[in-house]
Amino acid sequence: MIQLTNVSKSYNRGDTKVPVLENISLKIPSGDFFALMGPSGSGKSTLLNLIGGIDYPNTGTIVINSIDITELSESGLTSWRAENIGFIFQFYNLLPVLTALENVALPLQLKPLSQKKRKALALNALEKVGLLDRINHKPGELSGGQQQRVAVARALVTDAPVIVADEPTGDLDRESGAEILELLGEVNNNFGRTIVMVTHDPKAASKANTILNFEKGRLEESSSGDN
Amino acid sequence: MVGVAVAILSFGLLSTVVDSWYAGAEGASSARLIVRSSVSLMFPLPMTYKNKINRVDGVEDVSWARWFGGVYKEPKNFFPQFAIDPKSYLRIYPEYIVSDDQKENFFNDRRSTLIGRKIAEEHGLKVGDLMPLQGQIFPGTWDFVVGGIYDGKNSGTDTAQMFFHWDYLNEEIKKRKISRDLESVGVFIVEVNDVKKVGPISQDIDELFKNSRKETYTETEKAFQLGFVAMTEAIVVAIRLVSYVVIVIIMLVMANTMVMTSKERMWEYATMRSLGFDRNFLNKVIFFESLFLSGIGGFTGIVLTFPAATLFRSYTGTLFPVFEISLATISTQICFLLLIGLVASLFPAWKASNGKIVTALRAA
């Protein structure tokens with residue numbers, strides 16, 4: 001379960017404080033496919049970053065699977081992320097010098113596994129996303145959709161219970177985007193991972209179980225998706 | 001990498017030039033004394049001083065030499081030429097290795113010359129060849145026959161010198177009526193029997209000729225050689241300074257390159273931090289990347305220093321008689337390439353591991 005209680009976040013711009021999130025409280029049950037929707041600048045990506053543990057709120061608590069991550073030190077948060085969060089970025093964020101297989105195996109470098117085991121797990125993850133025929137290709141040799149599939153595989157490979165996806169279809173054409181959303185649905189249904197997705201696309205959001213609308217740093221209303 | 005290679009190569013070459021400047025002093029002995037005029041090396045000493053010096057307590061052997069300063073074919077073919085007493089000189093300088101038969105040639109023919117291997121190779125000379133010199137201090141043409149070629153006992157021995165008979169010079173000064181001091185030497189070379197007593201022996205020798213018309217100044221051979229270096233020390237200091245400046249410049253250039261490269265890769269570092277890689281890991285990645293680049297460049301520079309030194313030596317001829325790349329130079333080159341790698345990585349590593357993840361991701 002992901003529970004946010006009175007979470008606020010603001011940024012300093014010179015002497016001015018710019019509020020981004022104001023007293024956000026919400027619960028995301030384990031295994032849910034959760035979409036945060038809203039226009040650009042509404043604070044949805046900021047909320048996602050807080051849930052993903054790559055930013056700290058100014059006030060409030062964030063408890064994920066009984067761990068209050070706002071209490072963790074920076075190094076503690078780093079270790080926590082390695083075990084608990086899988087990231088999918090809008091622009092894939094694959095390392096250009098590594099092959100697809102190496103990119104997927106990258107998070108496994110943090111685990112005490114043999115090279116053989118890491119390779120096996122990475123291959124398994126790539127098989128789940130249907131890219132076994134591209135394992136030795138570098139990101140520059142893959143299409144956008146394929147790169148995002150690799151990113152999904154990377155998010156899956158560590159068995160992290162929560163996957164955060166920031167505009168996963170934002171840089172893809174309609175067809176590739178639909179494939180990725182399909183994949184995320186399968187990941188949620190078949191592997192029981194909690195997915196928190198940020199999108200401004202209603203069609204993408206409709207794939208989620210629960211949709212939360214954001215407007216100017218505040219939650220508006222929730223609705224159900226088609227999933 | 002190319003910049004690092006060039007910088008390390010330049011440092012190695014310049015360091016070797018500085019080392020060769022001091023080579024004469026390095027190869028000099030602390031057990032040999034040089035007795036010269038207390039006024040200036042330009043003023044010769046009477047030969048009659050020899051026997052008095054020989055009688056000083058602690059003196060094992062005495063030889064002498066006089067600077068000739070002639071020109072072989074053309075002025076750019078510079079090498080030292082000394083008129084010596086062959087037998088005593090070669091006794092006192094056992095580091096000049098000559099075969100017995102060539103030694104006999106040299107001893108027995110007063111017009112013969114003993115030349116170092118470097119001169120022989122530089123000018124294609126062999127035993128029996130005629131070697132005419134144009135005198136500058138002692139005017140006229142001076143014909144010598146190569147009686148022998150000497151090698152150095154070790155790599156630091158100067159084999160770019162020419163020796164001939166002092167007796168021959170002395171006779172010719174008389175015959176040709178050259179207005180230079182007769183029966184005179186430039187320096188006496190004294191071998192002592194106890195290196196710990198060089199101080200007192202030097203004082204005793206100088207005391208012999210105190211208040212005479214030609215007072216002496218006696219010092220160890222090493223001090224004598226260092227005196228020459230001191231005359232041109234400003235140049236040596238300048239060369240050394242330039243060699244270090246080159247390293248500092250390339251360090252800054254490489255640091256700048258690493259900063260620019262890491263700026264473009266901030267999103268990669270932020271992604272890795274998102275995935276769970278901590279600051280220490282990132283610091284190590286950036287450091288080892290920097291070290292790898294400086295290592296490849298640096299080792300290339302070190303390897304290229306050797307052919308560069310050979311080329312330099314071929315162009316400078318006998319100007320630097322001893323021109324060897326020392327272990328100290330190579331060690332310093334290695335230290336510098338490590339330092340370059342470290343310094344170049346400092347700011348990028350700090351930026352990558354201390355910057356905000358979300359800011360770096362946004363920049364992508």
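(A) Looking closely at the overall build of chain A. Secondary structure summary: chain A contains seven helices and 10 strands in total. Relative to its length of 227 residues, chain A is compact, with a C-alpha radius of gyration of 17 Å against a globular reference of 17 Å. Dimensions of chain A, computed from the C-alpha atoms along their principal axes, are close to 50 × 40 × 35 Å. Taken across its 227 residues, chain A has 48% of its residues classed as buried. Counted over contacts in chain A with a minimum sequence separation of 6, partners at least 24 positions apart contribute 66%.

(B) Spotlight on the interface of chain B and chain A. Taken together, the contact pairs 12 residues of chain B with 15 residues of chain A. Sorting the residues of the side of chain B that touches chain A by element identifies helix 10 (266–275) and helix 13 (357–363) of chain B as the ones contributing at least two each. Of all the elements, helix 10 of chain B adds the most residues to the side of chain B that touches chain A, at six residues.

(C) Spatial organisation of unusual backbone geometry. All names here are of chain A. Look at Asn23: it is not a glycine, yet its phi comes out positive at around 45 degrees. Positionally, Asn23 belongs in strand 2 (residues 16–28). Look at Asn23 and you get partly exposed, because 14 C-beta atoms sit within 10 Å. Unusually for a residue other than glycine, Glu167 sits at a positive phi of about 50 degrees. Note that Glu167 resides in the loop between strand 7 (162–166) and helix 6 (174–191).

(D) Representation of the domain arrangement of chain B within the structure. All names here are of chain B. We note that the domain assignment places domain 1 (2–21 + 232–363) and domain 2 (39–214) within chain B. The distance between the C-alpha centroids of domain 1 and domain 2 comes to 47 Å. Contact residues are listed per partner, giving six residues for domain 1 and 10 residues for domain 2. In the side of domain 1 that touches domain 2, the residues fall into three nonpolar, two polar and one charged.

(E) View of the sheet that holds strand 4 (residues 59–64) of chain A. All names here are of chain A. One open sheet holds the four strands; their spatial order is 2-1-4-5, and the pairing between them is antiparallel. The open sheet has two edge strands with one neighbour each: strand 2 and strand 5 (67–68). Pairing between strand 1 (residues 2–13) and strand 2: nine bridges, direction antiparallel. Residue pairing in the sheet places Ile2 in a bridge with Ile28 of strand 2.

(F) Expanded view of the environment of B:Lys153. Within the secondary structure, B:Lys153 sits in the loop between strand 8 (140–152) and strand 9 (162–165). As a C-alpha pair, B:Lys153 and B:Tyr96 span 57 residues in sequence and 6.3 Å in three-dimensional space.

(G) The environment of B:Gly227, seen in detail. Relative to the elements of secondary structure, B:Gly227 occurs in helix 8 (residues 221–231). In the structure, B:Gly227 is positioned 202 residues away from B:Ala25 in sequence and 8.9 Å away in space, judged by C-alpha atoms.

(H) Seen up close, the nonpolar core. Counting 80 residues, the largest nonpolar core has A:Val104, A:Val152 and A:Ala153 as its most contacted members. The dominant element in this core, judged by the number of residues it contributes, is helix 5 (residues 144–156) of chain A, at six residues. Of all hydrophobic cores here, the second largest spans 45 residues; its members include B:Tyr49, B:Tyr96, B:Phe144 and B:Phe224.

Rules and cut-offs
- Residues numbered from 1 in each chain as written.
- Chains lettered and ligands numbered in written order.
- Predicted model: local features only at pLDDT ≥ 70, side-chain atom pairs only at ≥ 80, totals over all residues.
- Helix = DSSP H or I, 4+ residues; strand = E, 2+ residues; numbered from the N terminus.
- Rg over C-alpha atoms; globule rule 2.2 N^0.38 Å.
- Buried ≥ 20, exposed ≤ 12 C-beta atoms within 10 Å, placed from the backbone.
- Contact = placed C-beta atoms within 7 Å.
- Domains from an automatic or database assignment.
- Nonpolar A, V, L, I, M, F, W, Y, C, P; charged D, E, K, R; others polar.
- Pairing = 2+ DSSP bridges.
- Core = buried A, V, L, I, M, F, W, Y, C linked by C-beta atoms within 7 Å.

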